Amino acid sequence: QVQLVESGGGLVQAGGSLRLSCAASGRTFSSRTMGWFRQAPENEREFVAVINWNGGSTYYADSVKGRFTISRDNAKNTVFLQMNSLQPEDTAVYYCTVQRALQTFATYPARYEHWGQGTQVTVSS
C-alpha cells in the first residue's frame, strides 16, 4: 500500500513562490509515474503536472506551464512541485497521486490512485 503525505502549502502574495513536497511510502515509488492535482472550492479536481518514473519526462496543464516545475528524488521517495509567479487563481488544495499503469501521461483523476490528504495553497491579491 502506498501512502502519500503532502507538505509545503501556505499563504503567499501574488507573484510569490512555494515549493510543495510529497513524501511517499512503499518500495514501488521509484517505478511509478507521479502527478499533482488541485481542487478549489466548488470546482472539480484539476490536473496540474505529471512526471515519469525517472524524472526524464514531464507534462503540465496549460494554466501552469512556464510557472510550475515538477521534479522527484527517488532516493528520498519524494516528489516536488515548485510554484512560481503564483496568482489568486492558483488557490486550491493540492494533491499528490500515483498514476495507474498506463502507456501515456493521464490528466483525468480516475487514471490515478493512492491520493494524499492534500495541502492548502492560498494566494492573496
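Before reading on, note that the structure itself is shown above.
Cut-offs applied
- Residues numbered from 1 in each chain as written.
- Predicted model: local features only at pLDDT ≥ 70, side-chain atom pairs only at ≥ 80, totals over all residues.
- Heavy atoms only, no water.
- Salt bridge = Lys/Arg side-chain N within 4 Å of Asp/Glu carboxyl O.
- Buried < 20%, exposed > 50% of the residue type's maximum accessible area, 1.4 Å probe, protein only.
- Helix = DSSP H or I, 4+ residues; strand = E, 2+ residues; numbered from the N terminus.
- Disulfide = S-S within 2.5 Å.

A. The pattern of salt bridges, seen in detail. Scanning all chains against the criterion turns up six salt bridges. Here Lys-65 ties to Asp-62 by a salt bridge, and the two come within 3.1 Å at their closest N and O atoms. Note on Asp-62: relative accessible area 67%, which makes it exposed. Between Glu-113 and Arg-100 there is a salt bridge, with the nearest N and O atoms lying 3.2 Å from each other. Of this pair, Glu-113 sits in strand 10 (residues 112–113) while Arg-100 sits in the loop between strand 9 (92–99) and strand 10, and the two are 13 residues apart along the sequence. In the salt-bridge network here, residues are joined through shared partners; they are Arg-38, Glu-46, Arg-67 and Asp-90.

B. The state of the cysteines, seen in detail. All chains considered together, the criterion is met by one disulfide. Between Cys-22 and Cys-96 runs a disulfide, and the two sulfur atoms are separated by 2.1 Å. Taking the sign of the torsion about the S-S bond as the criterion, the disulfide between Cys-22 and Cys-96, at about -75°, is left-handed. Remark: Cys-96 occurs in strand 9 and Cys-22 occurs in strand 3 (residues 18–24); sequence separation between them is 74 residues. For Cys-22, a relative accessible area of 0% gives the class buried. Look at Cys-96 and you get buried, because its relative accessible area is 0%.

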